[in-house]
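Single-letter residue listing:
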Amino acid sequence: MARPSSQGEGWAGLCLCLDSADVCHGKRMNAKNLIDRRSFVKMAGAAWVAALGSRGAFALERTDAVFASAFMAPDGSYGVATLTEEGEIVDRTLLPARAHGMAFSPVSHRAVAFARRPGTYAMIFACDGTAKPVIITAAEGRHFFGHGCFSADGRLLYATENDFAANRGMVGIYDGGQDFARIGEFPTYGIGPHDMTLSADGSTLAIANGGIETHPDFGRAKLNLDHMEPSLTLVDTATGALIEKHALPPDLRQLSTRHVDIGADGRIWFGCQYEGARDDLPPLVGHFAKGEALAFVALPERTTLALANYVGAIAVNRHEELVGLTSPKGNIAVTLDARTGRVLKEERIVEAAGVAAAEHGFAVSSYDGYFKQHRSPVAWDQHIVRLSAG
Amino acid sequence: MRLALPLALGLLLFVAVAAPAPAQEGGALLPRVVDEAAVPGVMAKAVDGFILPGYRNLAETTKALSEATAALCKAPSAASLEAARSAFSGVVQSWSAIEIIRLGPALEQNRFERFLFYPDRKSTGLKQVQAILAKGDESATQAETLKAKSVAVQGLGALEYALYGTGAETLSGKQGDFRCRYGLAISENLDTIAGELLAEWDKPDGIQAAWKQPGPGNPLFRDNKEAATELLGVLVHGVEMVKDQRLRPFYAGAVDGKRDPGHPRLAIYWRSVNTMPSVSTNFRALQKLFDTAGMESLLPADSRSIAGSINFLFKALINAADRINGPIDAALADERQRSTLDFIALNTADLTDRLNRDFGGAIGLGAGFSFADGD
């Protein structure tokens, strides 16, 4: 992978816990990490690892860094960047393969970027600069789906994973107190989980099981479009037990539930991607609270058409009680009133990608480099994480 | 003036983004837009010149395979076994020429996995096939009941084991009766699947109509950009498939500065010595789709050289794949042939970039081309 140079925008060398002689979180690497290193090097390529070079810290800790998002650079390389409230890049760092979803813990000040499905790595950054980035690789027989979140106390990392031999979704559990060693897993109680979010008290994961079967042997091919099983599940983080499962009704069997966010009131909002006929007009966004049935938002037909049957990302602005949706296929960002579901704003944004709560409304990025009003020479990936509480 | 143009367009784009504007108006201001007039013709040529002939050829070869296998079971001999094996290789070729179409009917009813289950990483499929042969499971000798079994025991991989695996020599005599009838059921299953694929694409008002006329009311593509995205996706995913799912399972290249010794028994079709002929046909098929559909015509006049680079890479890859002859274990033991595999791996990565970024960007699909596929 080409090593960036003289970009003038603070390309930072990464400090990785990859070397057996290295020290990570004050501990020597154990045998598990050595195996991880080999598989990581195999995937990333020795040249990439060698090119990590100097040991500058990725500037997640800078106070003006408000957002983070994955990107693709013009030379085809991939990375993660932090951005200001206005959407200017603060710092960026390279990754060995395309990253997708990110998460942040306001307690531990760590952020994570997950490889895009069927990804095999995730990189955890310490936002306060106290620890080096840690790479975790998927366990044998598992791959990442590209999303996850931290536990309420910031110690654990949960990742949506594929047990592809059994075609069942799993949540992998990684312990930040042990260099993010994988300490367990529990089912998502569905097929093809994608995004998930955590209740404020940390007791419940809300998981979007997209219902689409994939297998690494078939790349990204969707293997069961004629018999999908989308669902939303609530899972107890203490026991891994299923609390409730909402399978989509038979007439919406091809509506893949993919992204979720949670409101201040604990209400879960979900965005969908429709795999059925392109000229159908399925509901694309909905919400539910624990103990309630799923409710879909009745969007105006014009808005449904504009979203092109594809909600790429969803975010809740908890202070203003707003829900933001983006569609890169429809080139649009939509803002809803979380109390009524009414459309408050539709904004045409070419290849609208990520969405995250901003001070007011939402920050929206695009594949062609826009982040709010600011354009950078990168293609932003489909998700943005806000590096602060709430 | 030439230099000033992109900047001016960039400013216009900025305005389009900053201020909400109707979809068509904003799209028209992009520096690279999809050639609306050219797309339907390209899609039609892809269907009529590549997909339909490909499935027709597949159906013909699976029919020939069923007949050759039936003849083998009826009159087992060294000659009829050779004829059945030859018909098998014929299906490997015709499948390798159309398997890049991993969409629509191929993904319904698990047809794709049923036709070819690969790679069989933990030999699960192999063990299942061996169990059927050891037990003489009669339910595996009827295509109708075989269909309901594991995808790993009803496709090309299973049939290759029946025709070439341990004990296959019994097929030339009466003691191979059960094995032959199992092989026949697989052949008939493949013929049924191939017939379904052709029938689905052949329906005048079916998927081919959707491919040829993108627009509102179309069940697949609301506009030409969506159609062009799907077509280019076939090429990009096809090249990725060869790299990640055909070559990498048996040869990973250099890892940690050391060259992977290779895993010849994980190579696709190694028993029938069809590994590299299949890979070569994959590349030929991709190039044929690119050329037959006239995808070059989607490029603006100032970017036509991209098509030249793509064709150059296709040719280099086909030549390289054809240079690796004979059993794959011998090829992996040969330094020169492994270098050729390295060359193929390197150039497939380059070709993916050319198609994805250079071609996709030039025809107006932008980075969004491959970014939004189902995440």
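Numbering of residues begins from 1 in every chain and follows the order in which that chain's sequence is written. For naming, the first written chain is A and the first written ligand is 1, with later ones following in the order written. For a predicted model such as this one, the threshold for reporting local features is a pLDDT of at least 70, and the threshold for listing and counting side-chain atom pairs is 80 or more; totals across whole chains, interfaces and linings nevertheless cover every residue.

Visitor: How would you sum up the overall build of chain A? Please name residues and give values.
Guide: Of the regular secondary structure elements, chain A holds 3 helices and 30 strands. To sort residues by exposure, count the other C-beta atoms lying within 10 Å of each residue's C-beta; 20 or more gives buried, 12 or fewer gives exposed, and values between give partly exposed, all with C-beta atoms placed from the backbone. Each of the 390 residues in chain A was classed as buried or not, and the buried ones make up 55%. Strands are runs of DSSP state E lasting at least 2 residues, helices are runs of H or I lasting at least 4, and numbering of each runs from the N terminus.

Visitor: An account of the overall build of chain B is requested, with residue identities and associated values reported.
Guide: Of the regular secondary structure elements, chain B holds 16 helices and 2 strands. Any two residues are considered in contact once their C-beta atoms, placed from the backbone, lie within 7 Å. Relative to all contacts within chain B whose residues are 6 or more apart in sequence, the contacts with residues 24 or more apart total 76%.

Visitor: Account for the pairing of strand β7 (residues 110–115) of chain A, with residues named and values stated.
Guide: A regular strand places its side chains so that they alternate between the two faces of the sheet. Residue and element names in this part refer to chain A. With 6 of 6 residues buried, β7 lies mostly within the body of the structure. Neither face of β7 is exposed, since Arg110, Val112 and Phe114 on one face and Ala111, Ala113 and Ala115 on the opposite face are all buried. With 5 bridges joining them, strand β6 (residues 99–105) and β7 adopt antiparallel strand pairing. Within β7, the position partnered with serine 105 by the bridge is arginine 110. At least two DSSP bridges between two strands are required for those strands to pair. Where β6 hands over to β7, the hairpin turn is made up of 4 residues, of which histidine 109 adopts a positive phi near 55 degrees. In terms of strand pairing, β7 meets strand β8 (residues 121–126) through 5 bridges, oriented antiparallel. Bridge pairing in β8 links arginine 110 to alanine 126. Counting the residues in the hairpin turn of β7 and β8 gives 5 residues.

Visitor: Summarise the pairing of strand β23 (residues 322–327) of chain A; cite the residues concerned and give the values.
Guide: Residue and element names in this part refer to chain A. Counting buried residues along β23, 6 of its 6 residues qualify, which places the element largely inside the surrounding structure. Strand direction decides the pairing type here: strand β22 (residues 313–317) and β23, joined by 5 bridges, are antiparallel. Looking at β23, one finds that valine 316 is bridged to valine 323. Turn length for the β22-β23 hairpin, with the two strands adjacent in sequence and antiparallel, is 4 residues, and the turn residue glutamate 321 shows positive phi of about 55 degrees. Looking at chain direction, β23 and strand β24 (residues 332–337) are connected through 6 bridges and run antiparallel. Looking at β24, one finds that threonine 326 is bridged to alanine 333. Taken together, β23 and the strand that follows it, β24, pair antiparallel across an intervening segment of 4 residues, in which asparagine 331 is found at a positive phi of about 55 degrees.

Visitor: Give me the sheet that holds strand β18 (residues 255–262) of chain A: which residues, what numbers.
Guide: Residue and element names in this part refer to chain A. With antiparallel pairing, 4 strands are arranged side by side in an open sheet as β18-β19-β20-β21. Single-partner strands in this sheet number two, and they are β18 and β21 (295–296). Pairing between strand β19 (residues 268–274) and strand β20 (residues 285–288): 4 bridges, direction antiparallel. For glycine 271, the partnering residue across the bridge sits in β20 and is valine 285.

Visitor: With reference to specific residues and values, describe helix α15 (residues 335–362) of chain B.
Guide: Residues and elements named next belong to chain B. Between its terminal C-alpha atoms α15 stretches 39 Å, which fits the 40 Å expected from 28 residues at 1.5 Å a residue. Note on bend: the value at a residue is the angle between axes fitted to the seven residues ending there and to the seven starting there. At arginine 354, α15 is deflected by roughly 30 degrees, the largest bend along its length. Once α15 ends, the next one or two residues include glycine 364, with phi positive near 95 degrees. To estimate how far a helix should extend, the number of its residues minus one is multiplied by 1.5 Å.

Visitor: Talk me through the packing of helix α3 (residues 39–74) of chain B against helix α9 (residues 177–202) of chain B; I want residue IDs and the actual numbers.
Guide: A pair of packed helices is captured by two measures, namely the crossing angle of their axes and the spacing between those axes. Residue and element names in this part refer to chain B. As a packed pair, α3 and α9 sit with axes 8 Å apart at the nearest point and diverge in direction by 160 degrees. Compared by their axis directions, α3 and α9 come out roughly antiparallel. For α3 against α9, the interelement crossing comes out left-handed. The class makeup of the residues in the contact of α3 with α9 is 16 nonpolar, 6 polar and 6 charged. Inter-axis angles, ranging from 0 to 180 degrees, are taken between N-to-C directions of lines fitted to C-alpha atoms, where helices are fitted over the stretch in contact. These descriptions rest on fixed angle ranges, namely under 35 degrees for roughly parallel, over 145 for roughly antiparallel, 65 to 115 for roughly perpendicular, and the rest for oblique. Here a crossing is taken to be left-handed if its near helix is turned anticlockwise relative to the far helix by less than a right angle, and right-handed if that turn runs clockwise. For this scheme, ten residues count as nonpolar: Ala, Val, Leu, Ile, Met, Phe, Trp, Tyr, Cys and Pro. Four count as charged, namely Asp, Glu, Lys and Arg, and the remainder, Gly too, count as polar.

Visitor: Tell me about the sheet that holds β22 of chain A, residues and numbers included.
Guide: All names here are of chain A. Taken in spatial order, the 4 strands make up an open sheet running β22-β23-β24-β25, and their pairing is antiparallel. A single partner strand is all that each edge strand has here, and the edge strands are β22 and β25 (343–348). Sheet twist, expressed as the mean angle between neighbouring strand axes with direction ignored, is 15 degrees.

Visitor: Describe the packing of α3 of chain B against helix α4 (residues 78–96) of chain B, listing the residues and the values that go with them.
Guide: Residues and elements named next belong to chain B. For the pair α3 and α4, interaxial distance at closest approach is 8 Å and the crossing angle is 160 degrees. It follows that α3 is roughly antiparallel to α4 by the angle criterion. The handedness of the crossing between α3 and α4 comes out as left-handed. For the pair formed by α3 and α4, the contact residues are Asn57, Leu58, Thr61, Thr62, Ala64, Leu65, Ala68, Thr69, Ala71 and Leu72 on the first element and Ser80, Leu81, Ala83, Ala84, Ala87, Phe88, Gly90, Val91, Ser94 and Trp95 on the second. For the contact of α3 with α4, the class distribution of residues is 13 nonpolar, 7 polar and no charged.

Visitor: Give me the domain arrangement of chain B: which residues, what numbers.
Guide: All names here are of chain B. Throughout, the edges of the domains are those of an automatic or database domain assignment. Per the domain assignment, the segments of chain B are domain 1 (1–27), domain 2 (28–36 + 212–371) and domain 3 (40–202). A separation of 25 Å is found between the C-alpha centroids of domain 2 and domain 3. Counting residues at the interface gives 31 residues for domain 2 and 26 residues for domain 3. Among the secondary structure elements, those contributing two or more residues to the side of domain 2 that touches domain 3 are α11 (224–247) and α12 (275–292). Take the side of domain 2 that touches domain 3: its biggest share by element is 9 residues, from α12. When grouped by side-chain class, the residues that make up the side of domain 2 that touches domain 3 number 15 nonpolar, 13 polar and 3 charged.

Visitor: Describe unusual backbone geometry, naming the residues involved and giving the relevant values.
Guide: Geometrically, the link from arginine 117 of chain A to proline 118 of chain A is a cis peptide bond, its omega value of -10 degrees lying close to zero. Position of proline 118 of chain A relative to the elements: it lies in the loop between β7 and β8. Following tyrosine 118 of chain B, the chain continues into proline 119 of chain B via a peptide bond in cis, with omega recorded as -5 degrees. In this fold, proline 119 of chain B is placed in the loop between α5 (111–115) and α6 (124–135). Positive phi, normally seen in glycine, also occurs at glutamate 321 of chain A, with a value near 55 degrees.

Visitor: Outline the confidence of the model for chain B, listing residues and values.
Guide: Residues and elements named next belong to chain B. Put simply, chain B has an average pLDDT of 89, and 89% of its residues get 70 or more. Contacts from residues 1–30, a stretch scored under 50 in pLDDT, to residues over four places away or in other chains number 25 contacts. Across the predicted assembly, pTM comes out at 0.84 and ipTM at 0.80. A residue's pLDDT is the predictor's confidence in that residue, given on a scale from 0 to 100.

Visitor: Explain helix α8 (residues 156–164) of chain B residue by residue, including any values.
Guide: Residue and element names in this part refer to chain B. Here α8 lies mainly inside the structure; 8 of its 9 residues are buried. Restricting attention to buried positions, one finds in α8 the residues Leu156, Gly157, Ala158, Leu159, Glu160, Tyr161, Ala162 and Leu163. Tucked inside the fold, the buried residues of α8 contact α4, α5, α6 and α9.

Visitor: Residues and numbers for the environment of tyrosine 158 of chain A, please.
Guide: Relative to the elements of secondary structure, tyrosine 158 of chain A occurs in strand β11 (residues 156–163). If we skip the residues at most four places from it in the chain, tyrosine 158 of chain A touches Gly148, Cys149, Ser151, Val171, Ile173, Met196 and Leu205 of chain A.

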